[in-house]
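Each chain, letter by letter, is given below.
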Amino acid sequence: MTQTHIPLGAPRWSGGFADRLLSPLASFKELASVVGHGELRTDIGDADQIPVHRDGLPSPTGTDALVTWVGHATYVVQIGGLTVLTDPVWSRKIPGVRQRLTPPGVAWSDLPPVDAVVISHNHYDHLDAPTVRRLPRDTAVLVPANLASWFTRRGFTNVVELDWWESAHVGDVRFDFVPARHWSRRGLFDTCRTLWGGWVLSWHDQRVFFAGDTGYGDHFTEIGRRHPGIDVALMPVGAYEPRWFMKNFHVDPAQAVQATLDVGARRMATMHWGTFVLSGEPLLEPVEEARREWTRRGLPPADLWDLAVGETRAIT
C-alpha cells in the first residue's frame, strides 16, 4: 500500500474530532425518550419479503467493476483487479440490536482473497470485530483518523488512517477518504475520538462512492466537485425514523437520491436497510420510498440499483 500523505503513527489528531460535528448529539434525556417510547423498534413481520439472491459471487469480465450487496453497509467491490470490502459485517448478531433479518448475501467461504477493507466509522454495525478477526493480518485496511490502533492491537500490519480529503493507493486503485455528517463512539468515554467519513474508489475512469453513514449536507456537492465522474453512489436509505432523532446523522430516502445527484453520480445503489433493525420505519419502506423518489424526479429506472441482498451489478 502506498500513502500520499503523512505516515501512520504521526501525532496529528490528539484532540479528537468533536469540532467536526455539525449538529449536537442526542442528550441522554432524548435518547431515553426515544427508547422508552419504542420509537427505535418496528414490526419485523415483513422480513420474509426482503429479497435475497444468494447465488455466489461472480468474477469480473474484462475491465468491468462489480458491486455486490452483502447486507447493511457491506459491499464487495471488485475494481482494478482488487476485491474490496466496505464496512464488513458477516456476524449474525451485533451488540444492542436483534439478530440480522437476512443472511449475508455472499458466504464468507465464497469470497476470493480480500485485497483491501475500507471502514467508514467505528459504530458496531459498521466495524464488527468477529468479522475482522476472520481476515488475514496482512490485509490492507484503510480507516478514519485515529482508528488504526484498533486494528494494530489485533495484529494487522498493513493499516493506513486518513483524514478527510486524504488518499492512499492499493495496487492501481486510489482510495480517497471524504467527509460525512455523522459521529463516532464505541465505548462510554471515546465519543468522537476517531473520525468518520465515506470513500471514493477510483481506477482509470471508474469511480465508486461509498457514503458510509451520513446526514444530508453540502459535503456531497464538494465530493462531486473534487471527484467528478462517479459511476455509482452506494447510499444508505434506512435508519431514518423517528426523523427528529435521526435527521442530523442519517439521510432519508429522498435525501439519498438528492445526495446522489449532488455528487454527480449516474447511479444509486441502496444499502443500510433490510439487515439490522436500528430505527422505527417499516422494514420495506426505505427501498420503496427510494423508488418513489427516483420515479418522481424522472430519473432512468435502470440507474436505480435497488439491489436484493446478494445481488451484483456491473460498471462496464
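These numbers come from a predicted model, not from an experiment.

A. Layout of the pattern of salt bridges. Scanning the model with the defined rule gives eleven salt bridges in all. Notably, a salt bridge pairs Glu289 with Arg292, separated by 2.5 Å at the nearest N-O pair. With Glu289 and Arg292 both in helix H7 (residues 285–296) and three residues apart, the pair spans about one turn of that helix. Judged by relative accessible area, which is 29%, Glu289 ranks as partly exposed. Ionic pairing is found between Arg291 and Asp306, a salt bridge with its closest N-O pair at 2.6 Å. Here Arg291 is found in helix H7, whereas its partner Asp306 is found in the loop between strand S14 (304–305) and strand S15 (312–315), with 15 residues between them in sequence. Since its relative accessible area comes to 21%, Asp306 is described here as partly exposed.

B. Examining the packing of aromatic side chains more closely. In total, this model carries eight aromatic pairs according to the counting rule given. Measuring from ring centre to ring centre gives 5.8 Å for Trp69 and Trp273, while their planes differ by 25°; the resulting arrangement is stacked. Placement of Trp69 in strand S2 (residues 65–71) and of Trp273 in the loop between strand S13 (267–271) and H7 is noted, with a sequence separation of 204 residues between them. Grouping residues by exposure puts Trp69 and Trp273 together as buried.

C. Representation of helix H6 (residues 253–262). Those residues of H6 that fall on the buried side of the exposure criterion are Pro253, Ala256, Val257, Ala259, Thr260 and Asp262. Looking at the buried side of H6, the elements it contacts are helix H4 (219–226), strand S12 (232–236), S13 and H7. Capping the start of H6 is the job of one residue whose side-chain oxygen sits 3.3 Å from the backbone nitrogen of Ala254: Asp252. Gly264 lies just past H6 and shows a positive phi near 80°.

D. Here's a closer look at H7. Between its first and last C-alpha atoms H7 spans 16 Å; for twelve residues at 1.5 Å apiece the expected length is 16 Å, and the two agree. Taken together, the buried positions of H7 are occupied by Pro286, Val287, Ala290, Glu293 and Trp294. Taken down its axis, H7 places every buried residue within 125° of arc, on the same side. Set apart from the buried face of H7 by more than 90 degrees, the exposed residues are Thr295 and Arg296. Taken together, the buried residues of H7 touch H6, S13 and S14. Directly after H7, the chain includes Gly298, whose backbone phi takes a positive value near 70°.

About the cut-offs
- Residues numbered from 1 in each chain as written.
- Predicted model: local features only at pLDDT ≥ 70, side-chain atom pairs only at ≥ 80, totals over all residues.
- Heavy atoms only, no water.
- Salt bridge = Lys/Arg side-chain N within 4 Å of Asp/Glu carboxyl O.
- Helix = DSSP H or I, 4+ residues; strand = E, 2+ residues; numbered from the N terminus.
- Buried < 20%, exposed > 50% of the residue type's maximum accessible area, 1.4 Å probe, protein only.
- Phe/Tyr/Trp six-rings, centres within 6.5 Å; stacked < 30°, edge-to-face > 60°.
- Contact = heavy atoms within 4.5 Å.
- Polar contact = N/O pair within 3.5 Å; in protein donor to acceptor, adjacent residues only side chain to side chain.
- Expected span 1.5 Å × (residues − 1).
- Arc of directions from axis to C-beta.

Don't take any of this as a statement about function, it's just geometry.
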